[in-house]
Amino acid sequence: PVDGETYGKKVPFNMTSSEKSTLAYKNNNPDWKNFCENCNEYGVDGKVKTRSFDEGSHEITIRAIDEAGNFDEQTITFFVE
């Protein structure tokens, strides 16, 4: 999702990583939910992939972790109507 945008119930995701990683997110709870494991893309090449969210404002953190345990995180906020 694009930071600050408004979506319907299904929010599209399009992510890439420079190496095989586990791509995950957390949203208002301490548990991470995986998008995919041992992958370097999610929702790329015309394969639209979505996740459903309840109505309201969402601040989610997206994380990529490689095999060595190195990680990068990004937090975005979006709205669901």
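Here, the structure is the one placed above.
The model shown is predicted, which means the values in this text are computed figures rather than measured ones.

**Points about the environment of Glu 59**
Moving on, step 1. Along the chain, the position of Glu 59 falls in strand β6 (residues 56–66).
Moving on, step 2. Sequence separation of Glu 59 and Asn 14 is 45 residues, and the distance between their C-alpha atoms is 17 Å.
Moving on, step 3. Residues within four places of Glu 59 in sequence aside, it is in contact with Lys 26, Asn 27, Asn 28, Thr 75, Ile 76 and Thr 77.

**Some thoughts on the side chain of Asp 66**
Moving on, step 1. Tracing the chain through its elements places Asp 66 in strand β6.
Moving on, step 2. Among the polar contacts made by the side chain of Asp 66, one reaches the main-chain amide nitrogen of Asn 70 at a distance of 2.9 Å.
Moving on, step 3. Not counting the four nearest positions on each side in its chain, Asp 66 is found in contact with Glu 19, Lys 20 and Ser 21.

**Things to note about the side chain of Ser 21**
Moving on, step 1. Inspection of the secondary structure assignment puts Ser 21 in strand β3 (residues 15–27).
Moving on, step 2. When neighbours within four sequence positions are excluded, Ser 21 is seen to be in contact with Cys 36, Glu 37, Asn 38, Cys 39, Ala 64, Ile 65 and Asp 66.

**Here's the deal with the sheet that holds strand β1 (residues 6–7)**
Moving on, step 1. Spatial strand order, β1-β7-β6-β3-β4: 5 strands in an open sheet with mixed pairing. In the strand order of this sheet, the two ends are held by β1 and β4 (33–42), each with one partner.

**Some points on the environment of Ile 60**
Moving on, step 1. Within the secondary structure, Ile 60 is located in strand β6.
Moving on, step 2. Spatially, the C-alpha atoms of Ile 60 and Gln 74 are 8.3 Å apart, while their sequence positions differ by 14 residues.
Moving on, step 3. In this structure Ile 60 touches Phe 13, Lys 26, Asn 27, Phe 53, Gln 74, Thr 75, Ile 76 and Phe 78, once residues within four positions along its chain are discounted.

About the cut-offs
- Residues numbered from 1 in each chain as written.
- Predicted model: local features only at pLDDT ≥ 70, side-chain atom pairs only at ≥ 80, totals over all residues.
- Heavy atoms only, no water.
- Helix = DSSP H or I, 4+ residues; strand = E, 2+ residues; numbered from the N terminus.
- Contact = heavy atoms within 4.5 Å.
- Polar contact = N/O pair within 3.5 Å; in protein donor to acceptor, adjacent residues only side chain to side chain.
- Pairing = 2+ DSSP bridges.

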